[in-house]
Amino acid sequence: MTPYTPKYPVENNHVFIVDSEFAFNGHNSGRSHNMYITNTNTFSIFNSYSHDADTGHLIKTIARENYIIGNKLEDGLTGTSSYHIDITGGGPTFIHGNVLVQTQNSPNYVMVAYAAESKEGSRNNPNKHLFMSHNTIVNYHDRGKFLKIYDNMNDFEEGYVANNLVYGLSEANFVTFSKSATSNLVSIQNNIITDGSDFESLENESYYLAKHSVAIDAAIDVEGFELSKFKHQLTEFNRSGPANIRLIDGKLDVGAFEYDGLIHPVPSVELIANQTTIDYLGSVELAWTAQNAHVCDFSGGLDKRVSASGSLHVDELSRNTDFILTCYGDAGKNQSIVSINVNESPKADLLPETTVDTLLNTRISDYLTSNDPYVSGVMKYWPGGTISSVYVPEKNVVYINGGGMRTYFGNELFAFDVTTQTLQQIHQRTDITQLDIFEAGDNNYWDVFNYPCSGIWTTVSGEMTAAPRNLKNSLTFDYKTDSLFFQGGYVACSSNYETSDGWLFAPDTGEWTLLHAENSDFKGTTSRIVTLDKVSGLQIIAHNQGLHVYNAETAESRKLVNSVHTAGVSGIIDEASNTLFYIGNGRVISTSLDGLATAEALSFKTDWQIIGDDYLLNSGSPKLTYHTEAEKIVGWNGQDRLYYLYIDHENSTIEIVAKNTPELNGSRFEYIQALGGYLVIDDSRSNFSLLREVQ
């Protein structure tokens, strides 16, 4: 929410939110949020509910002054919220009477951050005064912390944290500081840590005070922090209507609610289905009733808000589905679950069964350097999300790379020989002590990895190799040059989120070739997807700034599409029709690759009708491979199901048929006809597996 002004402050420039709900926003990037307040003098939010953000913050504000009073902020059932409140640039801030709930799902263990991005010339609000009182804080995160105060500019003036009711945190992890000296400027008083018995019902999230609570009449006056500092009346969160005025009878209570002597009944809910086992693409009737509830939300098999009683018809169920109905009242929430078992598609009976074989002596970590004085503070392994692989049938070899992030900084490469089922290291990690940027005082590999924000390493002898950041999720094989092709990768320095260097590595000679250094054509703000068109021999590089075809033999490229949405999407070529598909995050688009060698533009088909199990379509960055024998794209959920895509170009339909498999964890899988199934790689600490088809 940004007022239309070139910059703040502007007189009478304010954002005011009341009685509102924000949920399910964000795009798994950490840079998109439930709400983002910028360019305003003051920001005020009352009696509002922000929850279930996807990796972003529940409230992010750069306003000069902030008033966050009487709201509920929580991760929710499915949320992966980062900060609950991010007061980005500091400034006078009043956080009073809120309910804040953090779950273990949060990727950020700090609930409230103050002035985390304040710096000279950017997001540095003056008058850094922070007042936090009478909040109810519930934390289930095993590393949780309530508040972290940053003092990047050494200009923090005063802070008061008092009269808060806290569950799940200790005094040691309640308030933390980026600089220890700042703690002398913050008054932390009379915050009550409870075991949950002070609430009416912790289990049902009823955070009203129980009649025996020690928080009743327990608030104290804090010198320097008078309620008169507030510009707004004090209120309590009320989900069912306007905010409740905080009624003070004598002394204030500790926490977000005043004890009112009433019993607040917890909601009860019953959800039933007319049948619990149905045929593939069958339907069910759902009915429900709830007591002491104002509103209900479906999750699982439905994403729908409904009244406290009702019924609905659900068509074309294609997989086992849990319908979860959560109903909310004045005193928390309750839920009911109905599980529907769906028989497999008749087509699934025609698909091969699978079994799992472990391929011994294929642990990549056995080859990785774990005892290195220049590698500290990292876990020294390749997590599954960093691994890339490509199968080259002509060589009967799978090439593998990984790392390129904080868990491991090496640039090793490996080859798995399909015939002998053995793993070989084809490139040793570059010795960082031989790099021209290495200094004798370096004691952390991160110092070298993060400098100079480039994907190129140069040795003292002048040899150039790819830095690890170029090697994350960017691997294909280039038949024109008989080499592995890498385009860009991962970076985490300043605002330059990704490098865009292009490399070749010749497995037969072990030589690196730099095709190009930083190239603006390939620099986007979302992940790149690189696929190889075997017909033309061209690499197809797509990201949010465009789609390019690239000739690695001549290092020439041309742009064919202005922008492609690639966040959470995977690319795969249907070799039977020579069609490129991008699948994931709820979308399927495609384009024909016929004539790609001379094409000046490409257009995408977006009107595919999906039939059957759409789990694969709705997952982020789904695992895809091409089954050369069945001539079908096949997806995998990384655990216990394969998804076969029956593509009908004439009728613009894709039927997705699921086939159960033995349970197996993995992050990469490649169909290899010579193995009779799928090669599965989890992370560097696990042996490879073969998900073998049984005819």
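No experiment lies behind these values; they were computed from the predicted model shown.

Caption draft 1: Region of interest: the overall build of the protein chain. Looking only at helices and strands, the protein chain features 2 helices and 58 strands. Excluding contacts between residues fewer than 6 apart, the proportion of contacts in the protein chain whose partners are at least 24 apart in sequence is 62%. If you sum the accessible surface of the protein chain, you get close to 29000 Å²; carbon and sulfur atoms cover 45% of it.

Caption draft 2: Main features of the confidence of the model for the protein chain. Of all residues in the protein chain, 88% attain a pLDDT of 70 or more, and the chain-wide mean is 87. Counting contacts from residues 489-497, a segment whose pLDDT is below 50, to residues more than four positions away or on other chains yields 24 contacts.

Caption draft 3: Structural detail: the pairing of strand E52 (residues 623-627). A large share of E52 lies buried, amounting to 4 of its 5 residues. Strand direction decides the pairing type here: E52 and strand E53 (residues 632-636), joined by 5 bridges, are antiparallel. Along E53, the bridge assignment pairs Lys623 with Trp636. Two successive antiparallel strands, E52 and E53, enclose a turn made up of 4 residues, where Glu631 displays a positive phi of approximately 55 degrees.

Caption draft 4: Looking closely at the state of the cysteines. Considering all chains together, one arrives at 1 disulfide under this definition. At a sulfur-sulfur separation of 2.1 Å, the disulfide partner of Cys296 is Cys327. An S-S torsion of about 105 degrees defines the bridge between Cys296 and Cys327 as right-handed. Separated by 31 residues along the polypeptide, Cys296 in strand E28 (residues 295-300) and Cys327 in strand E31 (residues 321-329) bring together distant segments of the chain. Each member of the pair, Cys296 together with Cys327, is buried.

Caption draft 5: Local environment of the pattern of salt bridges. In total, this model carries 21 salt bridges according to the counting rule given. The partner of Arg319 in a salt bridge is Asp613, with the nearest N and O atoms 2.7 Å apart. One end of the pair, Arg319, is in the loop between strand E30 (309-317) and E31; the other, Asp613, is in the loop between strand E51 (609-612) and helix H2 (615-618), and 294 residues separate them in sequence. The network of salt bridges with shared partners includes Glu21, Arg239, Asp297 and Arg305.

Caption draft 6: Representation of the environment of Asp52 in the model. Position of Asp52 relative to the elements: it lies in the loop between strand E5 (49-51) and strand E6 (59-61). Given a relative accessible area of 7%, Asp52 falls into the buried group. Sequence separation of Asp52 and Leu77 is 25 residues, and the distance between their C-alpha atoms is 7.1 Å. Within the structure, Asp52 has its side chain in polar contact with the side chain of His51 (distance 2.5 Å).

Caption draft 7: Representation of the packing of aromatic side chains. Summed over all chains, the structure comprises 25 aromatic pairs. Between Trp503 and Trp512 the ring centres are 5.8 Å apart and the planes differ by 85 degrees, which places this aromatic pair in the edge-to-face class. This pair shows no difference in class: Trp503 is buried, exactly as Trp512 is. Clustering of aromatic rings is evident, with ring pairs tying together Tyr67, Phe94, Phe131 and Tyr160. The cationic tip of Lys60 hangs over the ring face of Tyr36; the distance from NZ or CZ to the ring centre is 5.4 Å.

Caption draft 8: Structural detail: the nonpolar core. By size, the foremost hydrophobic cluster in this structure holds 34 residues, and its most contacted members are Phe43, Val112, Phe146 and Leu147. Secondary structure elements with two or more residues in this core: strand E1 (14-18), strand E4 (42-46), strand E9 (85-87), strand E12 (110-114), strand E13 (128-133), strand E15 (145-149) and strand E16 (156-162). Ignoring sequence-local partners within four residues, the contact set of Phe146 consists of Leu100, Val110, Met111, Val112, Met132, Ile137, Leu169, Asn173 and Phe174. Ranked by size, the runner-up nonpolar core spans 22 residues in total, among them Ile278, Phe298, Ile340 and Val342.

Caption draft 9: How the structure looks around the sheet that holds strand E34 (residues 388-392). Read from one edge to the other, the open sheet built from 4 strands follows the order E34-E35-E36-E37, with strand pairing classed as antiparallel. Single-partner strands in this sheet number two, and they are E34 and strand E37 (422-427). Taken pair by pair, the neighbouring strands of this sheet meet at an average axis angle of 25 degrees, ignoring direction. Of the strand pairs in this sheet, strand E36 (residues 413-417) and E37 are connected by 5 bridges, and their pairing is antiparallel. Residue pairing in the sheet places Leu413 in a bridge with His427 of E37.

Caption draft 10: Examining the side chain of Thr42 more closely. Residue position: Thr42 is located in strand E4. Setting aside its immediate chain neighbours within four residues, Thr42 contacts Asn13, His14, Val15, Ala63 and Glu65.

Caption draft 11: Structural view of the sheet that holds strand E50 (residues 587-592). The strand order across the open sheet formed by 3 strands is E48-E49-E50, and the pairing between neighbours is antiparallel. Two strands lie at the open edges of the sheet, namely strand E48 (570-574) and E50, each paired on one side alone. Going across the sheet, the axis of each strand differs from the next one's by a mean of 20 degrees, ignoring polarity. Two elements, E48 and strand E49 (residues 579-584), share 5 bridges in a ladder whose sense is antiparallel. Within E49, the position partnered with Asp574 by the bridge is Thr579.

Caption draft 12: Fine view of the environment of Met111. Checked against the element boundaries, Met111 lands in strand E12. Classification of Met111 as buried rests on a relative accessible area of 0%. Along the primary structure Met111 and Leu73 are separated by 38 residues, whereas in three dimensions their C-alpha atoms are 9.9 Å apart. With sequence-adjacent residues up to four places away left out, Met111 is seen in contact with Tyr83, His84, Ile85, Leu100, Val101, Gln102, Ile137, Val138, Asn139, Lys145 and Phe146.

Caption draft 13: How the structure looks around unusual backbone geometry. At Asn47, a residue that is not glycine, the phi angle is positive and equals roughly 45 degrees. Tracing the chain through its elements places Asn47 in the loop between E4 and E5. Positive phi is not limited to glycine here, since His134 has a value of about 55 degrees. When you line up the elements, His134 lands in the loop between E13 and strand E14 (136-139). His134 gets classed as buried once you look at its relative accessible area, which sits at 2%.

Analysis parameters
- Residues numbered from 1 in each chain as written.
- Predicted model: local features only at pLDDT ≥ 70, side-chain atom pairs only at ≥ 80, totals over all residues.
- Heavy atoms only, no water.
- Helix = DSSP H or I, 4+ residues; strand = E, 2+ residues; numbered from the N terminus.
- Contact = heavy atoms within 4.5 Å.
- Areas by Shrake-Rupley, 256 points an atom, 1.4 Å probe, with all protein chains shown as cover.
- pLDDT = per-residue confidence, 0-100.
- Buried < 20%, exposed > 50% of the residue type's maximum accessible area, 1.4 Å probe, protein only.
- Pairing = 2+ DSSP bridges.
- Disulfide = S-S within 2.5 Å.
- Salt bridge = Lys/Arg side-chain N within 4 Å of Asp/Glu carboxyl O.
- Polar contact = N/O pair within 3.5 Å; in protein donor to acceptor, adjacent residues only side chain to side chain.
- Phe/Tyr/Trp six-rings, centres within 6.5 Å; stacked < 30°, edge-to-face > 60°.
- Lys NZ or Arg CZ within 6 Å of the ring centre and 35° of its normal.
- Core = buried A, V, L, I, M, F, W, Y, C linked by side-chain atoms within 4.5 Å.
- Axes fitted to C-alpha atoms, helices over the stretch in contact; angles between N-to-C directions.

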